[in-house]
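Each chain is listed here by its residues.
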Amino acid sequence: MKLTQTEELGALLAVLKKSMFHGLPGLNIELPTVLYPTLLPQYDGRPPVKPQQPESSTSRPTLNKKKKSKVKSKKIQQEEEEEEESSGEREVAPVAASGREHLREGNTPSSSTLGGQSLPVEGDGAVGKDLFSPPIRSASWKRVSSSESDYSDAEGGMQSKMRSYQAKVRQGALACFLSTIKSIEKKVLYGYWSAFVPDTPELGSPQSVSLMTLTLKDPSPKTRACALQVLSAILEGSKQFLSVAEDTSDHRRAFTPFSVMIASSIRELHRCLLLALVAESSSQTLTQIIKCLANLVSNSPYNRLKLSLLTKVWNQIKPYIRHKDVNVRVSSFTLLGAIVSTHAPLPEVQLLLQQPCSSGLSSSNSVTPHLSTPDWCKKAPSGPFLEEASISSPKGSSEPCWLIRLCISTVVLPKEDSCSGSDAGSAGGSTYEPSPMRLEALQVLAHLARGYFSMAQVYLMELGEVICKCMGEADPSIQLHGAKLLEELGTGLIQQYKPDSTVPSDQRVPVTLVVMFWTMMLNGPLPRALQNSEHPTLQASACDALSSILPEAFSSLPSDRQILCLTMLLGLNDSKNRLVKAATSRALGVYVLFPCLRQDVIFVADTANAILMSLQDKSLNVRAKAAWSLGNLTDTLIVNMETPDPSFQEEFSGLLLLKMLRSAIEASRDKDKVKSNAVRALGNLLHFLQPSHIEKPRFAEIIEESIQALISTVLIEAAMKVRWNACYAMGNVFKNPALPLAFAGFSASGFFLGTAPWTSQAYNALTLVVTSCKNFKVRIRSATALSIPSKREHYGSVDQYAQIWNALVTALQKSEDTTDFLEFKYCASLRTQICQALIHLLSLASASDLPCIRETLELNGDMVQSFILQFLKSGAEGEDPGAPHSSHERGQLVRRALEHVSSIQALTGDTARRAIMGFLEDILAIYFDSSGSQVAIPELTSR
């Protein structure tokens, strides 16, 4: 259930907090009957986007395998739980009595202080039974044995029984707390953060009781695991709440800011969890500690905190990578994945990755004494490509990345005997590490490729061989994660070669090496994965990987490999599986932008037909991907228009253009996910239409319908991305001089005779948006569209021109009127774009337009002048890439407008022209005077 009425929540949480500590040895505290929430700063109330957590094996796609559940009888399960509870207490009791209090006082101890501890090997069960099994089982805390035969010892029986009862009370309270967390909104829960999460104590003050008190001091391993599970639930999805945290060195304050308090709490959580990590002896609880750390790492804003937090976690988790229990090893990889994916790339993590591979992994007094010198640092798969790759590899760090080496060895090398103790029951005779561990290692490699590609690129060909090996295996999950890694590597290579990339050319992976890499992929198991119809998820992932090929490398592939890629994608577009069809549609939308393919009329036409077919699919996801690809395809049409060779426009089928227009119109009435790209495609298609198309009668109706679809999309209350794209599309329509923008009398063509009814409707829609839309980015785009027509007659009648002018002045006046503080950052860009539009209109004005302009300036001249001066002086840029950005170019715009107005032949006695000229001259005089420019204003008044 969802708790909407939270009046009683404080009383409930107070009861739970009291019960959580019931019977805890050495703790006697008085708690209030009601807990009150802390007032939190206002932040966006929308539910936070769930961060991309490293997948646990329970949530990993199983590819058409049904979930299997093992059902035990209640009696057997109860006996196992009681046996586990009692054995856990025996293991941990000495630590709880002595070591835990000692650890609470000091800093995180080094591994040398823990030489006497040994981690017991829980090898009595299969991996599948214990792997990520939740410590809080359904109502297990209720099962209290009524028989006293378990407590035969007269002296210790009652005490042992009482301890068991008390532990079950604590577990019950934690189970109830977990249900409460799941039933209330996170922003309500975080009001009680300080009641359950520790904070750094003041000097001389005792530590407040919290969930970490149970984790560090409770003698029952199951209770400790339950407390950790509750803490994980609190931390999950807390990124937005914790993002306010900020460390500060200024301690001389009259009060502690909220941001500092949260930062202090994050530091204390790190400290306590690391203490719990080195003190824990139960493997199941150890797994929960590491998973809780992974949750904390994923949500903490390390870019706003002082350094060293991640370093401490990193150094403490290293030994557990080689722990005997497979669950601990898997969760250790999960934590490493969280470290390399949080706020990547972080300089602190970059340094940690460059540490020598043996650092922290071999020590005679280590927590895991079975560790020896890590042979995986020396072992590495080799292949025929590596010798060639070493010659042409980019300049990079000569220090090998130990984590990449570890992950590669985990995936491809046979497992070592020292770690196989608890794997014997589930390995099934396999010589490799257990599948969950290999999957986590592949995920860590994918995170490294995404966030620290400069380190991963050194191992490009080696990782290619790992991918080939994984995709050639029988396990679909291993194949899938191999394909995901390939996609991340391909995306990293594309990022390096983007025009705005900051990577120096000598540090990029050479195109020749990229060609070798993809040749290896296409000659390997990738084509088989694409054709593996038994596992559609794998097919879809392989399509995504194939779409991440570098365009410069694709053009250099052998022609048979190029044809293979295109043939497979076009063929898979007919798949009955929606996942495959969506991935294929997206991949075709990527390929159609490739420079070596975009002028191939046959390929573009085949792609267009495939996309149009997908736009009719029943699946919304397929239609959304197809609409995105249709937008990309129409972008290609516009790029081809700008080439000097007109052959593409001449050869492209007019009938296919009609089909594309009809499909785009239909898609513009679909859901927002489809509509946003459908209107983008409509704008591009209307821009692409040639006079030879427009003259044909069959195009007249479809053009009118297309523009009406755009106008209605501009006006509807849809997602802001949809309206932004619709305004952008209207601007594209205005760029086509062959379309009937002009009114009667301005064109000799019979088709244009009379008025174009949609012209005034389009301007009315854009002027309404520029003055009243809540979203400033949409306003900016509508102002840009209004400044695109290049001739005065395109703006229509004097009344139409006056309406546009007045709307822009009003929009300028209201450019700071917003109730959403997030929109304020776009104010300068909006004013810049409106000023450019006003100056553009002035540079096209006719004599009939001048009285309206003068009237507006008499009322709002000072306001308009101040904003135009800001536009001239500041470096604020609009969204139009072709707009003038330098101060000199902006000044030239105003000068051209002044020259145009001065050249207008005004009617006798009309003073409007002189007033407008004086307005512009004043602006230029003030601007040149303030900038110290020696350029004089041309003597235009005498004209």
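Residues numbered from 1 in each chain as written. Predicted model: local features only at pLDDT ≥ 70, side-chain atom pairs only at ≥ 80, totals over all residues. Heavy atoms only, no water.

Regarding the overall build of the protein
Here is step 1 of the chain: Looking only at helices and strands, one finds 41 helices and zero strands in the protein.
Here is step 2 of the chain: Within the span of the protein, comprising 943 residues, buried residues form 54% of the whole.
Here is step 3 of the chain: Total accessible area on the protein stands at roughly 41,700 Å², and carbon and sulfur atoms take up 53% of it. (Helix = DSSP H or I, 4+ residues; strand = E, 2+ residues; numbered from the N terminus. Buried < 20%, exposed > 50% of the residue type's maximum accessible area, 1.4 Å probe, protein only. Areas by Shrake-Rupley, 256 points an atom, 1.4 Å probe, with all protein chains shown as cover.)

Points about helix α31 (residues 672-688)
Here is step 1 of the chain: For α31, built from 17 residues, the straight-helix expectation of 24 Å at 1.5 Å per residue is met to within 8% by its first-to-last C-alpha distance of 24 Å.
Here is step 2 of the chain: Burial of α31 is extensive: 15 of the 17 residues sit out of reach of the surface. (Expected span 1.5 Å × (residues − 1).)

Description of unusual backbone geometry
For residues other than glycine, phi is negative in most cases, and the peptide bonds are mostly trans.
Here is step 1 of the chain: Residue P345 is reached from A344 by a cis peptide bond, and omega for that bond is -5°.
Here is step 2 of the chain: The topology assignment puts P345 in the loop between α13 (326-341) and α14 (347-353).
Here is step 3 of the chain: Of note, S308 is a non-glycine position whose phi angle comes to about 100°, a positive value.
Here is step 4 of the chain: If you trace the backbone, S308 turns up in the loop between α11 (283-299) and α12 (309-317).
Here is step 5 of the chain: Taking relative accessible area as the criterion, S308 reaches 31% and is therefore assigned partly exposed.

Notes on the pattern of salt bridges
Here is step 1 of the chain: In total, this model carries 18 salt bridges according to the counting rule given.
Here is step 2 of the chain: The closest approach of N and O atoms between R271 and E268, which form a salt bridge, is 2.9 Å. On the criterion of helical spacing, the pair formed by R271 and E268 is a turn pair, its members being three residues apart in helix α10 (residues 258-279). (Salt bridge = Lys/Arg side-chain N within 4 Å of Asp/Glu carboxyl O.)

Thoughts on the confidence of the model for the protein
Here is step 1 of the chain: When pLDDT is averaged across the protein, the result is 80; 75% of the residues are at 70 or more.
Here is step 2 of the chain: Low pLDDT, under 50, characterises residues 362-393; the predicted model gives this stretch 61 contacts beyond four residues in sequence or across chains. (pLDDT = per-residue confidence, 0-100. Contact = heavy atoms within 4.5 Å.)

Some remarks on the packing of aromatic side chains
Here is step 1 of the chain: The final tally for this structure, using the stated rule, is 17 aromatic pairs.
Here is step 2 of the chain: Where F517 meets W518, the ring centres are 5.7 Å apart and the plane angle is 85°; that geometry is what we call edge-to-face. Taken individually, F517 and W518 each receive the classification buried, so the pair is uniform in this respect.
Here is step 3 of the chain: Here the aromatic rings of W724 and Y728 are separated by 5.6 Å at their centres, their planes lie at 10°, and the arrangement is stacked. With a gap of four residues between them, W724 and Y728 both fall in helix α34 (residues 720-734), about one helical turn apart. (Phe/Tyr/Trp six-rings, centres within 6.5 Å; stacked < 30°, edge-to-face > 60°.)

What to know about the packing of helix α4 (residues 157-183) against helix α8 (residues 221-235)
Axis angle and axis distance: for two packed helices, these are the angle between their axes and the distance between the axes, and together they describe the pair.
Here is step 1 of the chain: Here α4 crosses α8 at 15°, and the two axes come no closer than 9 Å. Relative to α8, α4 is oriented roughly parallel. Regarding α4 and α8, the two cross each other, and that crossing is left-handed. Contacts between α4 and α8 pair A167, R170, Q171, L174, F177, L178 and I181 from the former with K222, T223, C226, A227, Q229, V230, A233 and I234 from the latter.
Here is step 2 of the chain: When the residues that make up the contact of α4 with α8 are grouped by side-chain class, the tally is 10 nonpolar, three polar and two charged. (Axes fitted to C-alpha atoms, helices over the stretch in contact; angles between N-to-C directions. Parallel < 35°, antiparallel > 145°, perpendicular 65-115°, else oblique. Left-handed = near helix turned anticlockwise from the far one by under 90°. Nonpolar A, V, L, I, M, F, W, Y, C, P; charged D, E, K, R; others polar.)

Things to note about the packing of helix α37 (residues 798-813) against helix α39 (residues 850-873)
Here is step 1 of the chain: Relative orientation of the contacting elements α37 and α39 amounts to 25°, with a least axis distance of 10 Å. For the element pair α37 / α39, the angle class is roughly parallel. In the crossing of α37 with α39, the sense of the turn from one axis to the other is left-handed. Along the contact surface, α37 presents Y801, A802, W805, N806, V809, L812 and Q813, while α39 presents C852, I853, T856, L857, N860, M863, V864 and F867.
Here is step 2 of the chain: A breakdown of the residues in the contact of α37 with α39 according to their chemical character gives 11 nonpolar, four polar and no charged.

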